[in-house]
There are 2 protein chains.
Amino acid sequence: MARHPRDVQLTLTLPPTGAALRHRIAEAIIDAIRLGRLHPGDALPPTRALAAELGVARAGVVEAYDELCAAGYACARPGSGTLIAPGADAAAAAGAGSHVSDRPTPVPDTEPTTAAPTWDLTPGCPDTGLISPDDWRRAWRTAAAAPIHPRSAGPTGHPELRHALAVHLRRTRGILAHPDELVLVPGVDSALRTLAAAADLAGRDIAFEEPGYRNARRALEMSGARLRPVGIDADGLDPAALRDTDAAVYCTPAHQYPLGARMPVTRRADLLARAAESGTLIIEDDYDGEFRYDVSALPALRSVEGGREHVAYIGTASKIISPSIRLAWLLPPPALLQRVHDALRRTGENCCGVTGLALAHFIESGALTRHLARASRTYSARRAALVDALRSRPALMDRPGIHLAGIEAGLHMVLRLPDRADDDAIAAELGTRGIAVPGLGPYRTDAAGPRGLMCGYAQLPESQADAVAGAIADVVGRHLDR
Amino acid sequence: MARHPRDVQLTLTLPPTGAALRHRIAEAIIDAIRLGRLHPGDALPPTRALAAELGVARAGVVEAYDELCAAGYACARPGSGTLIAPGADAAAAAGAGSHVSDRPTPVPDTEPTTAAPTWDLTPGCPDTGLISPDDWRRAWRTAAAAPIHPRSAGPTGHPELRHALAVHLRRTRGILAHPDELVLVPGVDSALRTLAAAADLAGRDIAFEEPGYRNARRALEMSGARLRPVGIDADGLDPAALRDTDAAVYCTPAHQYPLGARMPVTRRADLLARAAESGTLIIEDDYDGEFRYDVSALPALRSVEGGREHVAYIGTASKIISPSIRLAWLLPPPALLQRVHDALRRTGENCCGVTGLALAHFIESGALTRHLARASRTYSARRAALVDALRSRPALMDRPGIHLAGIEAGLHMVLRLPDRADDDAIAAELGTRGIAVPGLGPYRTDAAGPRGLMCGYAQLPESQADAVAGAIADVVGRHLDR
């Protein structure tokens, strides 16, 4: 900047807008800088003189100069008046203002739309229409009436919800947990990332069901773990396939994802015994353990003797309420609890406080118990309707290699197809007929793995089961006859 | 298993509980296995015989056998009756049941409590008591009245909130964005992780304010980036310190965190020009850009010409509402938008759907504008009270090296201390006097960096400013006199 400021003759034209005077003056000066009529180092006219020239109140000019100084366009020098600052020319050329303008600009409000399928059998989508609107609204009303917390909760927060969940887990899953042992996370992905960090799983082997839950595989792989596929059979994961070098094993014993097997108690005990011996961490993803039909609930791995020490249990509101509310719970072995807290503090993955309170109230008021009973009855009937509709088509079901699997629990069953079937192509063709029903392709890493269609029936009304079964039989039949 | 099942004489004692008959029979049989009176391969008595012996209905025994088979304790063999399954002894010894028991167990409901400070000046905690309870409850009531979505929203979800935010950003921050360009994430940490993945920042240099926002540093470091500290001065980050090898630069131009500088428009234009030349991504964390006092809002970097192409803008509900609701928004350069969507689909980091609707309604109803006006007035008064209370203590403020910084905007100011001051020790001692006011230690990576106390005044009533200033003057004075 020049040591001696240059006085310049300045003729300003104020913008004819309705903005505040100081903004209009500042904008006019910035415009002069942009046009090269004012340069860094130039002195602005004395405020009194400029006010007289523009025919405005002097206070407006003083405020405009202050604003230009605050924005960095000018600087006030004692004895030298107000000078244009270094860099002001570049800033003006870039179109930067001295303040935030509130000029209205039309914002288009179009949203992209994708055609929804006529029948959505995508697994993992509960029928949220079964939730009592009264119970739901009451839960949120109660939550919104509570004082808003000024901080995020952190891993030891949400005491009301952790208490309610401890009771829920004991009642529905036989799991005894102190509320302080429970950790709330915004989803199963988050629970897995957190566990991987807490248990130092990066660079180590994790035995993983093959085929298995794609999102879980991705979350663990992104955490740096090496996933070792372990085949499953009609009883789920076989504990005999575990190796001493497995740092952890991921499994879905209540209803294997995707194939639907329920792991018998004998295998559960065997799995725990092996884990205890090798120090392997068992990750029990109990994603839909609340739902089963015509059979008793099998005890969660966590609830079996030795489970507390070796099992990290994961449950979620995704299936019992909706994935859209972003709440899951993690019950790590006590030895890992502090490290889980530390990991969550580092990532800041917390749950919404109001949502936590609403779910706590939904559980404590008995609304969740009522909802689960209602939803189980409905899903059981929808499942039975789809099973019957498929089984009533011998041209489909009598083909070798075709059978239904995983019908006793959860929110989906699998129509197993022969090994040579291109299940993803069949799914794609069903998609063109308005039926969203994924193949097993995305769930297997072994190209020679099992074939089938994932039939989520939670949102399929009984009256529609026959139409869906007919379309499936038709498309599968034509594909296999090619 | 033996090929010829062994018939065993079995005397069962049913548990005297009120559980269902089938559960009691199954438990008695598991108990017999556990005690070694039944072994794998043994045949269970015919259902009719056992029912007669126990004096119960046969249906209960049939159901119990079914349950034992479903749990894997037994298996039904055509022509051989029901046999105890291999592994049943280990499962029984491990205490596994055949079903989930609902025996009541007392769950203690104690929660750990930590003493809250008398005065909490921790920065970043807004005064949520300033939110109108009526507006708040109305927003959640409206959100809870909407149909519950059966899926999580994903990165292109929450159209209502993205539309409301686009209007909010234009009005308050001069940013023109189409709702489809906005991405909702559950926090600033999540926005930074997502950006790091989308822009491939792992293994590359990021220029990072020194001292700087600790959580942002951690989130970027955990994403694998190399953080290169860049000193800040009274105008914030100096664009001249950028290098062509910086893949990105992280900055807080509205109110530098922690020191409070407002980056002048001249520097903003310079920063954008350099970024455009070197291809550096500018990450603008506008964490509290909505709050400023007695000064005009400076244009967001994103709103300046060239900003759209080179700036990833991050805003958050943390300061304008509360961090507890877990909502932030990311406005990446258009060229990165698809990669941001992809990254979020991989991690599944979504926001709660009901919360999104509630915030959308809070904005659209005008409640947010009213709240921001009310909060700004209140924070401005609290800030002025604390500034006055500190400045009225010449024994503190006249010491060399002591001054107030960052008082024009945001929710905190910094009491800068001389270079030799141990700010963290001073903060610790103030903590013992019931004043939570962190030192700068956690924000600097350079041990020779600036000293100071972070004074968040958002929750400090004006009537308490003098007591707090007195304690600060006392503790600081005694530390510096040592």
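Just so we're clear, the structure is a prediction, and the values are computed from it rather than from any experiment.

Procedures and definitions
Residues numbered from 1 in each chain as written. Chains lettered and ligands numbered in written order. Predicted model: local features only at pLDDT ≥ 70, side-chain atom pairs only at ≥ 80, totals over all residues. Heavy atoms only, no water. Helix = DSSP H or I, 4+ residues; strand = E, 2+ residues; numbered from the N terminus. Rg over C-alpha atoms; globule rule 2.2 N^0.38 Å. Contact = heavy atoms within 4.5 Å. Areas by Shrake-Rupley, 256 points an atom, 1.4 Å probe, with all protein chains shown as cover. Phe/Tyr/Trp six-rings, centres within 6.5 Å; stacked < 30°, edge-to-face > 60°. Buried < 20%, exposed > 50% of the residue type's maximum accessible area, 1.4 Å probe, protein only. UniProt positions renumbered as here; feature names shortened; annotations may be inferred. Buried area = accessible area lost by both parts, 1.4 Å probe. Salt bridge = Lys/Arg side-chain N within 4 Å of Asp/Glu carboxyl O. Polar contact = N/O pair within 3.5 Å; in protein donor to acceptor, adjacent residues only side chain to side chain. Nonpolar A, V, L, I, M, F, W, Y, C, P; charged D, E, K, R; others polar. Domains from an automatic or database assignment. Axes fitted to C-alpha atoms, helices over the stretch in contact; angles between N-to-C directions. Left-handed = near helix turned anticlockwise from the far one by under 90°. Arc of directions from axis to C-beta. Pairing = 2+ DSSP bridges. pLDDT = per-residue confidence, 0-100. Least-squares fit on C-alpha atoms with pLDDT ≥ 70 in both. Expected span 1.5 Å × (residues − 1).

From N to C terminus, chain A includes 17 helices and 17 strands. Against the 2.2 N^0.38 benchmark of 23 Å for 482 residues, chain A shows a C-alpha radius of gyration of 32 Å, more extended than a compact globule. Dimensions along the principal axes, computed over C-alpha positions, put chain A at roughly 95 × 55 × 45 Å. If you take every contact in chain A between residues at least 6 apart in sequence, the share linking residues at least 24 apart comes to 72%. On chain A, roughly 18400 Å² of surface is accessible, and the fraction owed to carbon and sulfur atoms is 51%.

Throughout the structure, instances matching the rule amount to 15 aromatic pairs over all chains. When the centroid spacing of 4.9 Å and the interplanar angle of 70 degrees are considered together, the rings of B:Tyr213 and B:Tyr257 count as edge-to-face. With B:Tyr213 in the loop between strand 7 (205-210) and helix 8 (214-222) and B:Tyr257 in the loop between strand 10 (246-251) and helix 9 (265-278), this pair connects stretches of sequence that are 44 residues apart. B:Tyr257 sits in the buried class, given a relative accessible area of 7%. Within the aromatic cluster, the residues linked to one another by ring pairs are A:Trp136, A:Trp140, A:Phe362, B:Trp136, B:Trp140 and B:Phe362.

Our focus in this paragraph is the UniProt feature "domain: HTH gntR-type" (unreviewed entry) in chain A. Taking the UniProt record as the reference, the feature "domain: HTH gntR-type" (unreviewed entry) is found at residues 19-87 of chain A. Across residues 19-87 of chain A, helical content stands at 52% and strand content at 14%; the span's end C-alpha atoms are separated by 26 Å.

With 92 residues of chain A at the contact, the number on the chain B side is 93 residues. Looking at the side of chain A facing chain B, the largest losses of area belong to A:Val100, A:Ile148 and A:Pro150, adding up to 9% of the total buried there. Here chain A is connected to chain B by two salt bridges. Two residues, B:Asp120 and A:Arg151, come together in a salt bridge whose shortest N-O distance is 2.1 Å. Summed over the shared surface of chain A and chain B, the number is 26 residue pairs in polar contact (both at pLDDT 80 or more). Residue composition of the side of chain A that touches chain B, grouped by class: 41 nonpolar, 28 polar and 23 charged.

Residue and element names in this part refer to chain B. As enumerated under the stated definition, the model contains 55 salt bridges over all chains in all. One salt bridge in this structure joins Arg162 and Asp180, with 3.5 Å as the shortest N-O distance. Residue Arg162 is found in helix 6 (residues 159-173), and its partner Asp180 is found in the loop between helix 6 and strand 6 (183-185); the two are separated by 18 residues along the sequence. For Arg162, a relative accessible area of 3% corresponds to the buried category.

On to the domain arrangement of chain A, then. For chain A, the assigned domains are domain 1 (6-93), domain 2 (148-366) and domain 3 (371-481). Taking the mean C-alpha position of each, domain 1 of chain A and domain 3 of chain A sit 72 Å from one another.

Below, the discussion takes up the packing of helix 7 (residues 188-198) of chain A against helix 8 (residues 214-222) of chain A. All names here are of chain A. Where helix 7 contacts helix 8, the two axes come as close as 9 Å, and the packing angle between them is 35 degrees. When the axes of helix 7 and helix 8 are compared, the crossing they make is right-handed. Contacts between helix 7 and helix 8 pair Asp189, Leu192, Arg193 and Ala196 from the former with Asn215, Ala216, Ala219 and Leu220 from the latter. Classifying every residue of the contact of helix 7 with helix 8 gives five nonpolar, one polar and two charged.

Take helix 16 (residues 423-432) of chain A next. All names here are of chain A. Of the residues making up helix 16, those classed as buried are Asp423, Ile426, Ala427, Glu429 and Leu430. Buried residues of helix 16 fall within an arc of 165 degrees about the axis and therefore sit on the same side. Tucked inside the fold, the buried residues of helix 16 contact strand 15 (412-417), strand 16 (435-436), strand 17 (451-456) and helix 17 (465-481).

Moving on: the sheet that holds strand 17 (residues 451-456) of chain B. Residues and elements named next belong to chain B. With respect to topology, three strands assemble into an open sheet ordered 14-15-17, the strand pairing being antiparallel. Only two strands of the sheet have a single neighbouring strand rather than two, namely strand 14 (403-405) and strand 17. Averaged over all pairs of adjacent strands, the angle between strand axes in this sheet comes to 30 degrees, irrespective of strand direction. When strand 15 (residues 412-417) meets strand 17, the two strands line up antiparallel, connected through six bridges. Bridging across to strand 17, Met413 finds its partner in Cys455.

Summary statistics for chain A give a mean pLDDT of 90 and a share of 94% for residues scoring 70 or more. In this model, residues 104-114 of chain A is a region of pLDDT below 50 whose contacts with residues beyond four sequence positions or in other chains number 17 contacts.

The subject of this paragraph is the side chain of B:His371. Within the secondary structure layout, B:His371 lies in helix 14 (residues 367-391). The residues touching B:His371, leaving out its near neighbours within four places in the chain, are B:Leu130, B:Ile131, B:Ile320 and B:Phe362.

Superposition of chain A onto chain B requires a rotation of 180 degrees combined with a translation of 0.1 Å along the rotation axis, giving an RMSD of 0.1 Å. Taken together, the rotation and translation describe the operation of a two-fold axis. Interface overlap between copies is the fraction of interface residues in one copy that are interface residues in the other; for chain A against chain B it reaches 100%, indicating a shared surface.

Below, the discussion takes up the environment of B:Pro264. Residue and element names in this part refer to chain B. Along the chain, the position of Pro264 falls in the loop between strand 10 and helix 9. Residue classification places Pro264 among the buried residues on the basis of a relative accessible area of 4%. Separated by 170 residues in sequence, Pro264 and Ala94 have C-alpha atoms that sit 68 Å apart.

Quick look at helix 1 (residues 21-34) of chain B now. Structurally, the α-helix is built with 3.6 residues per turn, so residues lying three or four positions apart point the same way. Residues and elements named next belong to chain B. For helix 1, with 14 residues, the first-to-last C-alpha span of 20 Å sits near the 20 Å given by 1.5 Å per residue. Within helix 1 the residues assigned to the buried category are His23, Ile25, Ala26, Ala28, Ile29, Ile30, Ala32 and Ile33. Buried residues belonging to helix 1 abut helix 2 (47-54), helix 3 (58-71), strand 4 (81-84) and helix 4 (88-93).

All names here are of chain B. Strands sit in the order 6-13-12-11-10-7-8-9 across an open sheet of eight strands; the sheet is mixed. Since the sheet does not close on itself, it has two edges, and those belong to strand 6 and strand 9 (236-237), each with one partner. Pairing of strand 6 with strand 13 (residues 328-331) involves three bridges; the strand directions are antiparallel. Bridge pairing in strand 13 places Leu184 opposite Trp329. Helix 6 contacts strand 6, strand 12 (311-316) and strand 13 of the sheet and is inclined by roughly 100 degrees relative to strand 6.

Bringing the pairing of strand 4 of chain B into the picture now. All names here are of chain B. Examined bridge by bridge, strand 3 (residues 74-77) and strand 4 share four bridges and lie antiparallel to one another. Looking across to strand 4, one finds that Arg77 is bridged to Gly81. What sits between the antiparallel neighbours strand 3 and strand 4 is a turn of three residues, in which Gly79 has the positive phi angle 85 degrees.

Let us now look at the side chain of B:Gln256. Residue and element names in this part refer to chain B. Here Gln256 lies in the loop between strand 10 and helix 9. Here the side chain of Gln256 touches Pro211 through a polar contact of 2.9 Å, landing on its backbone oxygen. From its side chain, Gln256 meets the backbone nitrogen of Leu259 in a polar contact 2.9 Å long. Contact partners of Gln256, with chain neighbours within four places excluded, come to Glu209, Pro211, Gly212, Ile232, Ala261 and Tyr287.

The side chains of a regular strand alternate, residue by residue, between the two faces of the sheet. All names here are of chain B. Counting buried residues along strand 15, five of its six residues qualify, which places the element largely inside the surrounding structure. Pairing of strand 14 with strand 15 involves three bridges; the strand directions are antiparallel. Counterpart to His403 in the pairing with strand 15 is Arg416. Between strand 14 and the antiparallel strand that follows it, strand 15, lie six residues; Gly406 among them carries a positive phi value of about 70 degrees.

Here we take up unusual backbone geometry. Residue A:Pro258 is reached from A:Tyr257 by a cis peptide bond, and omega for that bond is 15 degrees. With respect to the secondary-structure elements, A:Pro258 resides in the loop between strand 10 (246-251) and helix 9 (265-278). Residue B:His158 is not a glycine yet carries a positive backbone phi of 55 degrees. Counting through the fold element by element, B:His158 comes out in the loop between helix 5 (133-145) and helix 6. Its relative accessible area of 8% is what places B:His158 among the buried residues.

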